[in-house]
Structures are given as C-alpha cells and as structure tokens.
Amino acid sequence: LLRPGHPLIVATQANLGLATLRAGDAPAAVALLQEAAEQWQPAHGPDHPGYATVLTSLGQAHRAAGDLDKADAALQRALNWQLGRVPPAAAPALL
C-alpha cells in the first residue's frame, strides 16, 4: 500500500480536486487542492513543474468559490515559482 504523502497519492488528490472543480463543487475542490499543494513539494521535490500546475488549479478553485484574494495569492505563488526557474533572459518571452 502507498503511504499518505506518496507522490502518486498527492498527484491523484490534485487530479480529484480539479475534477471536483469541474463538477462545480468549488469549496470541496479548494480543500483537495490546498492539501495537494501543501504536500506536492515534499512528495515530488522542490523543482517539479507540477507544483505550479497545482497552485494554478488552486487559484481557479478559489476564484470559483468567490475568494478572489486567495485566488490571486495562489496564482501569484504559481507565477513566482515559474519565474524562479526560468533564466531571467527567457522570462519576457514567456509573457
């Protein structure tokens, strides 16, 4: 059996959160995606690109739930994470 925090469990939880969001249950999606975001880096390592994807999904869930401040915070975290892994000269080309 896989232990809690195992990379496959964390990835599955993130996918479940996104599916829950698409099904229209934003509060439940926020809870699932928040937990996945908190566990992502310990499970996958600090440089895994899926971290920014989970943060983006979390931002979308917060927006759907009507919490625009938390949506903005999650999306800013995703952007900052991405820009922190791109050489400065290449960053403008991504925008």
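Just above, that's the structure.
Here goes a summary of the coordinates provided. Predicted model only: the values in this text are computed from it and were never measured. (Residues numbered from 1 in each chain as written. Predicted model: local features only at pLDDT ≥ 70, side-chain atom pairs only at ≥ 80, totals over all residues. Heavy atoms only, no water.)

**Considerations on the packing of aromatic side chains**
Counting across every chain of the model gives one aromatic pair. Where tyrosine 51 meets tryptophan 81, the ring centres are 6.2 Å apart and the plane angle is 70°; that geometry is what we call edge-to-face. Placement of tyrosine 51 in helix α3 (residues 50-64) and of tryptophan 81 in helix α4 (residues 68-83) is noted, with a sequence separation of 30 residues between them. Judged by its relative accessible area of 8%, tyrosine 51 falls in the buried class. (Phe/Tyr/Trp six-rings, centres within 6.5 Å; stacked < 30°, edge-to-face > 60°. Helix = DSSP H or I, 4+ residues; strand = E, 2+ residues; numbered from the N terminus. Buried < 20%, exposed > 50% of the residue type's maximum accessible area, 1.4 Å probe, protein only.)

**A short note on the nonpolar core**
Formed by 20 residues in total, the largest nonpolar core has its most connected members in Trp40, Val54, Leu58 and Ala61. Put simply, the parts of the chain that give this core at least two residues each are α1 (7-22), α2 (26-44), α3 and α4. Broken down by element, this core gets its largest block of residues, eight residues, from α2. Here valine 54 is in contact with Ala14, Leu33, Ala36, Ala37 and Trp40, once residues within four sequence places are set aside. (Core = buried A, V, L, I, M, F, W, Y, C linked by side-chain atoms within 4.5 Å. Contact = heavy atoms within 4.5 Å.)

Such coordinate-based values are descriptive only and should not be taken to indicate function.
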